[in-house]
Amino acid sequence: MTISIARPNDSPYYIGLDRVSEDPYHRLDNPNGIIQLGLFENRLCFDLIEKWLSENTKDSVMGRDDGDLSISGIAPYQPSDGLVEFKVAMADFMSQVMGRAVSFDPSQMVLTAGATPALEILCFCLADPGNAFLVPTPYYPGFDRDMKWRTGVELIPVHCRSTDNFIISITALDQAFNQTRKRGIKVRGILISNPSNPVGNLLPRETLYNLLDFAREKNIHIVSDEIFAGSMYGSEEFVSMAEILDMEDIDKNRIHIVYGLSKDLALPGFRVGVIYSFNESVLVAAKKLTRFSSISAPTQRLLISMVSDTRFIQEYIETNKKRIREMHDLFVEGLKQLGIKCAQSCAGLYCWADMSGLISSYSEKGELELWDKLLNIAKINVTPGSACHCIEPGWFRCCFTTLSQEDVVIVIERIRKVAETCKISS
Amino acid sequence: MMNKNQQNLLSKMATGNGHGENSPYFDGWKAYEDNPFHPTDNPHGVIQMGLAENQLSFDLVEEWVMKNPEASICTPEGVTDFRDIAIYQDYHGLTEFRYAVANFMEKVRGNRVRFDPDRIVMSGGATGAHEMTVFCLADPGDAFLVPTPYYPGFDRDLRWRTGAQLVPVVCERSNDFKVTREALEAAYKSAQEANIRVKGLLITNPSNPLGTILDRETLRMVVSFINEKSIHLVCDEIYAATVFTQPGFISIAEIIQEKEIECNHDLIHIVYSLSKDLGFPGFRVGIVYSYNNAVVSCCRKMSSFGLVSSQTQHLIASMLSDDDFVNKFIAGSANKLAARHKVFTEGLAKVGISCLQSNAGLFVWMDLHHLLKEQTFEAEMALWKVIIHEVKLNVSPGSSFHCSAPGWFRVCFANMDDQTMDVALTRIRAFAVQNNESSTTVPMKRQCWQKPQNNLRLSFKSRRMDDLVMTQCSMSPHSPLAQSPLVRARN
């Protein structure tokens, strides 16, 4: 039974999530509960969205049919890969979020119920069971489930080093490719996340070009998960794969971008994911697969209005960036006071903290012991680097956008207590 | 056209035919899409009668939504709930959503059973729910037994990505396509002989395409069969609330709680959705309800690939917790379906077209075997092409449902207004008449009944007009129209 394959939940990533849901922190109701730093919920800008909703209800409730509010606009069957108007709105939104450096064509878009099915669908289209994708580490723990579970595809980690600020090197990629081939496994593509999760940095332009060259040479795909593109808080500029392709006369058939509204617009519950591809055949196949995971029509209608309001989106993006930066700076500074440094990052809803100074043995075991202490004593759920397949022990991903400024103080205090016990025992 | 290089770049799944859309049955859909009927803009277009959609009770829902703006959360009244809903991506689903769905499912079954909200798992429509169930119950190569005729979508939804197989359980017209023990045993045996591992049996109750419900005896027999073979039973009860006359619907949930029935509950799973009963296919609300804890757990994790939008969950939770609304809806919807079913079947009967006797579903199982040139599936396809291209109705041929006998067509009646239904009946009547005359003068006949369509606005008026025009054309004395009470009345 396929039930046996549901192993992924042994991962500390999932265990931590479960523990928080059993005993969630609440400032008033449950001050000793576990604080969630393992899930990207961005609560920083809901006030903006609520204000927009209060002012813009009109036909966001139901569709319109000849000028009258009518449920027949949203109740019947819709194209499984999304309403055309929504694709148009999303194409423009993506462009706006990426600083208008590139434009997206709605006809190259397939919409589905979240980035999770978007990735899985791409996987089904690009690889047969037993094939592999190369993935730079550390990577989002969810990839292990989303890309492998039902598709039968393998993920081959390509280790990156803190000395490179965890940016992928082509040498490592080449090595991993050859080793995989020697094992008789066919590599189908590279999966990158840019901005990176969990590190939070950007892939420089040069790296993107090198990746393209590599992919072309080996005749493989590149899937670029750009879901955090609008959550930039640093001064660097985000460069999408689409922008690179725009500028060069490159074989585009192997490039696919995944996006969604869960991070940038903080609407994970609404389930909006995007597959953007330059490959007609992939689009055709992906479209058919969306029948298993289409976006709910009333949600599409609501979001068409919201996402098309460019003035509002501009305000939202800017405010979001500002607030993420404030939380980031506060949190990183707090950790610094404890002697914990973070990797250089400029995007995402988290920081990548080096707590190797606190672990008793420089190993995965030592790291997990610390993770356990953090979860059960400090009562904060962070994601250990080993869950992200990081080759260097001691790194932890801490998401800070669920916190208020007061919460940050509490979190740092709790970590400090554990840090002190670690220093005593080491 | 893909060049070889491209083909090598894509997976077998992407380049194969598992999606089933190259099947000839898509001709009907294509004809409709190319030339869709509209009462004013395109009165000669193809009428969609191949889509099982329930559009008859939208007014009840609209009324509720207008009265309950806070349920939509994107209104000033509802906005306070917004942030908690928008952030909620937990695959357990909102508690109030699961409770509301369980409540609705119980009401639809006359409160004769209880559903545990913690066993409710959501998915991307019934399509997603079915696929997810197969992923959890079967490995690639394993098979499900499915009684024929069955919903063509199963071929794709249950097999494409899962790698599972379907083994048909052949049901015969001689006993109204009822599922028999002999048929089940025969199918099981044939699978074993072919070295195919059977993992379960999938039944659709009420049936698509038959529109009939399984009686208690058959349900008990089915439960006994799967228990004996120790295989799973997946019951698609997606049309449960479309039962519009007696006999009443009996859910598998009721059977397994009968004292006399011995059943391993770990084998029982229900697939449900709000697409048919409520008429909300666009909302993409699919449900898997399993009595097996391991299956619930696995499906729940897998539901990440097709979660229901939390906004939709919230709306549905509010709507289905409103007992007044639910009671009113269930009764009102059944009445409307009964009325429409009556109009349609009586209209067909008048021209000598009979349907399988049914009391549920959004369609009828129409018997046109008397119009086949010969009793073959080729003749059925030929007849079907005529219906699509000349009569301009997109109906679904029985062979697409793997029916064992040719000449049957599934015709949907709940996805249109009264006016359109009337146009459809008019066309069918004309077609039936035409077929009772000599076949050589088809083109001329077509002109006769095509003319009045421009004036078809009010149903009664149009029928009169149509009959008047018909009597002006040359008609065989054997024409069934001569028996029409309308003609008689005029005389």
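Just above sits the structure.
Sequence positions are assigned chain by chain, starting from 1 and proceeding in written order. Chain letters start at A and ligand numbers start at 1, both assigned in the order the entries are written. Confidence filtering applies because this is a predicted model: local features only for residues at pLDDT of at least 70, side-chain atom pairs given and counted only at 80 or more, and all residues used for totals across whole chains, interfaces and linings. Excluded from the side-chain calculations are hydrogens and water; all other atoms, namely the structure's heavy atoms, are used.

(A) Seen up close, the overall build of chain A. When its secondary structure is counted, chain A shows 13 helices and 15 strands. The dimensions of chain A, computed from C-alpha atoms along their principal axes, are 70 × 55 × 50 Å. The proportion of buried residues among the 426 residues of chain A is 64%. Every residue pair with non-hydrogen atoms within 4.5 Å of one another is taken to be in contact. A sequence separation of at least 24 residues applies to 75% of the contacts in chain A between residues at least 6 apart. Per-residue accessibility takes into account occlusion by the displayed protein chains alone, with areas from the Shrake-Rupley method and a 1.4 Å probe. When the accessible surface of chain A is totalled, it reaches about 15300 Å², and 48% of it is carbon and sulfur. A run of DSSP states H or I qualifies as a helix once it reaches four residues; a run of E qualifies as a strand once it reaches two. Both are numbered from the N-terminal end. For every residue, the accessible area (1.4 Å probe, protein chains only) is compared with the maximum for its type, and the residue is labelled buried under 20%, exposed over 50%, or partly exposed between those bounds.

(B) Expanded view of the pattern of salt bridges. Residues and elements named next belong to chain A. We define a salt bridge as a side-chain nitrogen of Lys or Arg found within 4 Å of a carboxyl oxygen belonging to Asp or Glu. Under the criterion given, the structure shown has 48 salt bridges over all chains. The partner of Arg 27 in a salt bridge is Asp 407, and the shortest N-O contact between them spans 3.2 Å. Taken as a pair, Arg 27 in the loop between helix H1 (12-22) and strand S1 (35-36) and Asp 407 in helix H13 (residues 405-425) lie far apart in primary sequence, 380 residues in all. When its relative accessible area of 44% is taken as the criterion, Arg 27 is described as partly exposed. Here Arg 205 and Glu 243 are joined by a salt bridge, their closest N and O atoms 3.2 Å apart. Residue Arg 205 is found in helix H7 (residues 205-218), and its partner Glu 243 is found in helix H8 (residues 241-247); the two are separated by 38 residues along the sequence. In this structure Arg 205 comes out as partly exposed when scored by relative accessible area, which is 32%.

(C) Seen up close, the side chain of Ser 207 of chain B. Residue and element names in this part refer to chain B. Within the secondary structure, Ser 207 sits in the loop between strand S5 (198-204) and helix H10 (216-229). Ser 207 gets classed as buried once you look at its relative accessible area, which sits at 10%. There is a polar contact of 3.2 Å between the side chain of Ser 207 and the backbone nitrogen of Leu 210. Those residues in contact with Ser 207 that lie beyond four places of it in its chain are Thr 212 and Phe 363. Here a polar contact means two N or O atoms within 3.5 Å. Within protein one must be a hydrogen donor candidate and the other an acceptor candidate, and residues neighboring in sequence count only if both atoms are side-chain atoms.

(D) Looking closely at the environment of Ser 123 of chain B. All names here are of chain B. When you line up the elements, Ser 123 lands in strand S2 (residues 120-124). Taking the C-alpha atoms as reference, Ser 123 lies 6.5 Å from Val 285; in sequence the two are 162 residues apart. Look past the residues within four positions of Ser 123 in its chain and what remains in contact with it is Gly 128, Ala 129, Met 132, Arg 284, Val 285, Gly 286, Gly 306 and Val 308. Polar contacts involving the side chain of Ser 123 include one to the main-chain carbonyl oxygen of Gly 128, which spans 3.3 Å.

(E) Summary view of the sheet that holds strand S10 (residues 363-367) of chain B. All names here are of chain B. Paired strands are those between which DSSP finds at least two bridges. Pairing in this open sheet of four strands is antiparallel, and the strands run S9-S10-S13-S12 from one edge to the other. What marks the edges here is a single partner per strand, and that holds for strand S9 (354-355) and strand S12 (396-397). What counts as an axis is a line fitted to C-alpha atoms, over the stretch in contact for a helix, and the angles between N-to-C directions run from 0 to 180 degrees. Docked against the sheet, helix H15 (residues 377-391) engages S12 and strand S13 (408-412), running at close to 30 degrees with respect to S13.

(F) Highlighting the environment of Ala 115 of chain A. All names here are of chain A. Looking at the secondary structure, you find Ala 115 in helix H4 (residues 115-126). Note: C-alpha distance between Ala 115 and Ile 227 (112 residues apart in sequence) is 8.0 Å. Ignoring sequence-local partners within four residues, the contact set of Ala 115 consists of Ile 227, Val 258, Tyr 259, Val 272 and Gly 273.

(G) How the structure looks around the interface of chain B and chain A. Every contact between the two is made by 73 residues of chain B and, on the other side, 68 residues of chain A. Linking chain B to chain A there are four salt bridges. Two residues, Asp 128 of chain A and Lys 12 of chain B, come together in a salt bridge whose shortest N-O distance is 3.4 Å. Here chain B and chain A share 15 residue pairs in polar contact (both at pLDDT 80 or more) between them.

(H) Highlighting the side chain of Gln 300 of chain A. Residue and element names in this part refer to chain A. Along the polypeptide, Gln 300 turns up in helix H10 (residues 297-308). A relative accessible area of 1% places Gln 300 in the buried class. Residues contacting Gln 300, with those up to four places away along its chain left out, are Gly 82, Leu 83, Phe 86 and Ile 295.

(I) Examining the layout of surface pockets more closely. Considering only enclosed or pocket space, the second largest pocket measures out at about 1500 Å³ in volume. Together, 49 residues line the second largest pocket, and Leu 17, Gln 36, Leu 39 and Glu 41 of chain A together with Gln 89 of chain B are the ones closest to its centre. For the lining of the second largest pocket, the elements supplying multiple residues, two or more each, are H1, S1, H4 and helix H5 (142-148) of chain A together with helix H5 (82-87) of chain B. Element by element, the count of residues in the lining of the second largest pocket is highest for H1 of chain A, at six residues. The rule is simple: put a 1 Å grid over the protein atoms alone, call a set of points where a 1.4 Å probe fits but cannot get out a cavity, call an open set with protein on both sides within 12 Å along at least five of seven lines a pocket, and count a residue as lining if it has an atom within 4 Å of a point. Grid points are joined across faces, edges and corners, and a volume is the space filled by probe spheres set on the points.

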